[in-house]
Amino acid sequence: MDKTVQTHFDNLNLKDKNEQYEAFNHIIKAIEHEVDWAYVVWDELVAGLSSADNHKRSRYAQFLAGLSKSDHDKRIMDDFPALWQVTKDEKFVTARHALQSIWKVGLAGPEQKEMVIHHLADRFKNCKDEKNYTLIKFDIIQDLRNLYDEVKDEHIKKLAEELIEMEEDAKYQKKYAKVWKDY
């Protein structure tokens, strides 16, 4: 890992929230593509998923999801349950940030893609008792769209259409369908 990236990780712990946010954005940008330093921070990120600090849980979940494409050893297959747990965090904003980035795990390979798709579909079907479940469902449909846009797997599109069709409330069915409107 080069010094610049290490400095950004260090800056996540500064007191200044603006500097933290700037560091976060630099890391997010760095992990848009494969990196050779994923395993330098991997264990720290996994450990941080259960931190008492909800900001750390949120950031680390987003970083781990993004770094999955650099995970040639498929560690995410074992660490996914901890990452998925953050999508159900007690702090809804933390949970939502994790859920909105979880699709990136699907970019790591076929096994990872199927694991993510399975979890998203199951959550869509079974989240009715969760607080803010309509937002959760929306994020799931958006995750499927994001993954589809990257991998062009028609199975994902078909699944999204089936999930949208399952929605009983016409208002929300229409809202979810808009995510796929141009297809």
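We now turn to the structure provided with this report. Note that this is a predicted model, so its numbers are computed, not measured. (Residues numbered from 1 in each chain as written. Predicted model: local features only at pLDDT ≥ 70, side-chain atom pairs only at ≥ 80, totals over all residues. Heavy atoms only, no water.)

**With respect to the pattern of salt bridges**
The tally for this structure, following the rule as stated, stands at ten salt bridges. Note that Asp89 and Arg57 form a salt bridge whose closest N and O atoms lie 2.6 Å from each other. Of this pair, Asp89 sits in the loop between α5 (76-86) and α6 (92-101) while Arg57 sits in helix α4 (residues 54-67), and the two are 32 residues apart along the sequence. For the residue pair Asp89 and Arg57, the accessibility class agrees, reading buried in each case. The salt bridge involving Glu167 is made with Lys137; its shortest N-O contact spans 2.9 Å. Of the two residues, Glu167 sits in the loop between α9 (154-166) and α10 (170-178) while Lys137 sits in helix α8 (residues 133-151), which places them 30 residues apart along the sequence. With respect to class, Glu167 is no different from Lys137; both count as buried. (Salt bridge = Lys/Arg side-chain N within 4 Å of Asp/Glu carboxyl O. Helix = DSSP H or I, 4+ residues; strand = E, 2+ residues; numbered from the N terminus. Buried < 20%, exposed > 50% of the residue type's maximum accessible area, 1.4 Å probe, protein only.)

**Some details on the packing of helix α3 (residues 38-48) against α4**
Interaxial distance between α3 and α4 falls to 9 Å at its minimum, and their mutual angle equals 140°. Between α3 and α4, the interaxial angle falls into the category oblique. Between α3 and α4 the crossing geometry is left-handed. On the side of α3, the interface is formed by Ala38, Val41, Trp42, Glu44, Leu45, Val46 and Gly48, while α4 contributes Lys56, Arg57, Tyr60, Phe63, Leu64 and Leu67. Counted by class, the contact of α3 with α4 contains nine nonpolar, one polar and three charged residues. (Axes fitted to C-alpha atoms, helices over the stretch in contact; angles between N-to-C directions. Parallel < 35°, antiparallel > 145°, perpendicular 65-115°, else oblique. Left-handed = near helix turned anticlockwise from the far one by under 90°. Contact = heavy atoms within 4.5 Å. Nonpolar A, V, L, I, M, F, W, Y, C, P; charged D, E, K, R; others polar.)

**Observations regarding α6**
When α6 is considered as a whole, its buried residues turn out to be Thr94, Ala95, Ala98, Leu99 and Ser101. In this structure, the buried residues of α6 make contact with α4, α5, α7 (110-126) and α8.

**Describing the environment of Asp149**
Along the chain, the position of Asp149 falls in helix α8. Exposure remark for Asp149: the relative accessible area of 29% places this residue in the partly exposed category. Taking the C-alpha atoms as reference points, Asp149 and Phe9, separated by 140 residues in sequence, lie 29 Å from one another.

**Notes on the packing of aromatic side chains**
According to the stated counting rule, one finds ten aromatic pairs in the structure shown. Here a set of aromatic residues connected by ring pairs shows up, and it is made of Phe9, Tyr21, Phe24, Trp37, Tyr60 and Phe63. Above the plane of the ring of Trp180 lies Arg145, whose end atom (NZ or CZ) is 5.4 Å from the centre. Positioned above the aromatic ring of Phe138, the side-chain terminus of Lys175 is 5.1 Å from the ring centre. (Phe/Tyr/Trp six-rings, centres within 6.5 Å; stacked < 30°, edge-to-face > 60°. Lys NZ or Arg CZ within 6 Å of the ring centre and 35° of its normal.)

**A short note on helix α2 (residues 17-30)**
If you check α2, its first and last C-alpha atoms are 20 Å apart, about what 14 residues at 1.5 Å a residue would give, namely 20 Å. Those residues of α2 that sit buried are Gln20, Ala23, Phe24, Ile27 and Ile28. Buried residues along α2 cover an arc of 135° about the axis, so they all sit on one side. Seen from the buried face of α2, the exposed residues on the opposite side, beyond 90 degrees, are Asn18, Tyr21 and Lys29. (Expected span 1.5 Å × (residues − 1). Arc of directions from axis to C-beta.)

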